[in-house]
Amino acid sequence: MKEIYLAGGCFWGVEEYFSQIDGVIKTRVGYANGQVETTSYQLLKQTDHAETLYLVYDETVLSLREVLLYYFRIIDPFSVNQQGADKGRQYRTGIYYVDDNDLPTIQAVMAEQEAIFGRGPLAVEVGALRHFIDAEDYHQDYLKKNPTGYCHIDVTQAKIPVIDVENYQKPEESILKEELTDLQYQVTQAAATERPFENEFWDSDEAGLYVDITTGEPLFLSTDKFDSGCGWPSFTKPISKEVAQYYQDHSHGMSRIEVRSRAGQAHLGHVFDDGPRDKGGLRYCINSAALRFVPRDEMEAAGYGLFVDLLKK
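Let me sum up the structure you'll find in this document. (Residues numbered from 1 in each chain as written. Predicted model: local features only at pLDDT ≥ 70, side-chain atom pairs only at ≥ 80, totals over all residues. Heavy atoms only, no water.)

1. Comments concerning the overall build of the protein
- Helix and strand counts for the protein come out as seven helices and 17 strands.
- Taking 20 Å as the expected radius of gyration for a compact globule of 313 residues, we find that the protein reaches 21 Å, a close match to that expectation.
- Counting only C-alpha atoms, the protein reaches 65 × 40 × 40 Å along its principal axes.
- Looking at the protein residue by residue over its 313 residues, the buried ones come to 53%.
- Here the analysis covers contacts within the protein between residues at least 6 apart in sequence; of these, 68% occur between residues at least 24 apart.
- Taken as a whole, the protein presents about 15,100 Å² of accessible surface, with 48% of it coming from carbon and sulfur.
- Of note, the protein has its 30 positive side-chain charges centred 5 Å away from the centre of its 50 negative side-chain charges. (Helix = DSSP H or I, 4+ residues; strand = E, 2+ residues; numbered from the N terminus. Rg over C-alpha atoms; globule rule 2.2 N^0.38 Å. Buried < 20%, exposed > 50% of the residue type's maximum accessible area, 1.4 Å probe, protein only. Contact = heavy atoms within 4.5 Å. Areas by Shrake-Rupley, 256 points an atom, 1.4 Å probe, with all protein chains shown as cover. Lys, Arg positive; Asp, Glu negative; His and termini not counted. Charge placed at Lys NZ, Arg CZ, Asp CG, Glu CD.)

Here it is, written out as structure tokens:
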């Protein structure tokens with residue numbers, strides 16, 4: 001059994017999220033790394049402790065790297081002293097370790113996240129645990145006891161397996177040119193756009209997974225696909241927020257938000273705010289040429305078996 005302490009804003013949601021992940025053995029919320037050795041919920045502003053989750057996990061099931069990737073899925077790593085609507089030093093983000101051997105893994109993941117975002121240093125504290133004070137009993141398992149309680153975290157993200165960028169490396173340019181069709185290459189590498197209503201997946205409704213044509217990184221589920229009438233595949237959301245990256249696009253005299261894949265930096269398409277309101281209101285308008293489709297019956301053999309259960313509505 002291994003342990004780590006994670007500060008990610010309001011600890012109600014952080015605890016509920018991690019408690020649903022396979023390999024997590026025990027969770028408890030409390031206050032860590034303040035200026036003194038004791039505190040309470042009412043004293044946090046004076047003692048400078050962070051609301052923190054104590055996490056015990058089975059290293060044979062869940063690695064520290066995976067724990068940290070799950071953690072970065074639910075925080076804004078650039079927000080200073082605020083997560084969601086909660087503001088104050090007690091809501092800062094932090095990774096506090098008790099085993100010095102964990103530090104290289106923590107530093108590697110931090111550096112990787114900085115490189116992915118490309119926005120400079122993260123606002124996530126990293127340091128040895130100085131002390132940890134259990135929170136009051138009513139805070140423990142709060143959202144299990146109060147299912148309608150406040151939570152800025154989408155705890156359903158716990159059900160989506162970690163999608164580790166290390167597993168989806170972009171091939172060399174020469175290999176891409178050899179393996180992709182000319183259209184696939186022009187779309188993914190030169191931000192071209194295929195013709196509407198004349199592409200492979202615009203009207204497909206088969207159950208399965210859509211992955212990046214260049215790296216195989218999972219991107220979209222068929223259960224999030226809908227017919228928008230635009231002539232290109234449309235999705236309400238990516239499979240998980242970390243697999244999509246966004247850039248301002250002023251080409252062709254328009255102002256749009258471009259969507260690229262994380263691992264391959266492949267141009268996928270654009271995202272608009274005219275999607276189904278009951279599904280979040282977004283429409284990811286994606287080129288078929290940027291995607292490879294893996295039917296549900298073939299996902300296990302293709303190495304995507306962990307995602308099959310996500311197709312069950």
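2. Some details on the pattern of salt bridges
- Applying the stated criterion to the full structure yields 19 salt bridges.
- One salt bridge in this structure joins Arg283 and Asp274, with 2.8 Å as the shortest N-O distance.
- Judged by its relative accessible area of 47%, Asp274 falls in the partly exposed class.
- Salt bridges linked by common partners bring Asp48, Arg89, Arg92 and Glu125 together as one network. (Salt bridge = Lys/Arg side-chain N within 4 Å of Asp/Glu carboxyl O.)

3. A few points about the side chain of Lys2
- Checked against the element boundaries, Lys2 lands in strand β1 (residues 2–8).
- Lys2 gets classed as buried once you look at its relative accessible area, which sits at 15%.
- In this structure the side chain of Lys2 is engaged in a polar contact, spanning 3.0 Å, whose partner is the side chain of Asp102.
- Filtering out sequence-adjacent residues up to four positions away, Lys2 remains in contact with Leu55, Val56, Tyr57, Glu59, Asp99 and Asp102. (Polar contact = N/O pair within 3.5 Å; in protein donor to acceptor, adjacent residues only side chain to side chain.)

4. Looking at the nonpolar core
- Ile4, Leu6, Tyr17, Phe18, Phe72 and Ile95 are the most contacted members of the largest nonpolar core, which has 42 residues in total.
- Looking at this core, the elements with two or more residues in it are β1, α1 (11–19), β2 (24–32), β3 (50–57), α3 (64–74), β6 (93–97), α4 (103–117) and α5 (142–145).
- The element that contributes the greatest number of residues to this core is α3, accounting for eight residues.
- With near-sequence residues (within four places) excluded, Tyr17 lies in contact with Tyr70, Arg73, Ile74, Ile153, Asp154, Val155, Gln157 and Ala158.
- Leu221, Val271, Leu291 and Met299 belong to the second largest nonpolar core, which has 32 residues in total. (Core = buried A, V, L, I, M, F, W, Y, C linked by side-chain atoms within 4.5 Å.)

5. Re the sheet that holds strand β12 (residues 234–235)
- In space, the six strands of this open sheet follow the order β11-β12-β16-β15-β14-β13, with antiparallel pairing throughout. Across the chains shown, the open sheet's two edge strands, defined by having one partner strand only, are β11 (225–226) and β13 (244–249).
- Two strands pair when backbone bridges link them, and β12 and strand β16 (residues 283–286) are joined in this way by two bridges, in the antiparallel orientation. Each bridged residue has a counterpart across the sheet, and for Ser234 the counterpart in β16 is Cys285. (Pairing = 2+ DSSP bridges.)

6. A short note on the pairing of β3
- Burial runs high along β3: eight of the eight residues are buried.
- Covered by surrounding structure in β3 are Ala50, Thr52, Tyr54 and Val56 together with Glu51, Leu53, Leu55 and Tyr57, the residues of both alternating faces.
- As defined by bridge partners, β1 adjoins β3 across five bridges and the pair is classed as antiparallel. Opposite Ile4, over in β3, you have Leu55 as the bridge partner.
- Note: β2 against β3, eight bridges, orientation antiparallel.

7. Overview of the environment of Tyr57
- One can find Tyr57 in strand β3.
- Measuring from C-alpha to C-alpha, the distance between Tyr57 and Gln189 comes to 41 Å, with 132 residues separating the pair along the chain.
- Not counting residues within four places of it along the chain, the set of residues in contact with Tyr57 comprises Met1, Lys2, Glu3, Ile4, Gly23, Val24, Ile25, Leu62, Ser63, Leu64 and Val67.

8. Some details on the sheet that holds β1
- The mixed open sheet is built from six strands, whose spatial order is β7-β6-β1-β3-β2-β8. The sheet is open, and its two edges are formed by β7 (124–128) and β8 (132–134), each paired on a single side. On average, adjacent strands in this sheet sit at an angle of 30° to one another, irrespective of strand direction.
- Packing against the sheet, α3 makes contact with β1, β3, β6 and β7, and its axis sits at approximately 15° to β1. (Axes fitted to C-alpha atoms, helices over the stretch in contact; angles between N-to-C directions.)

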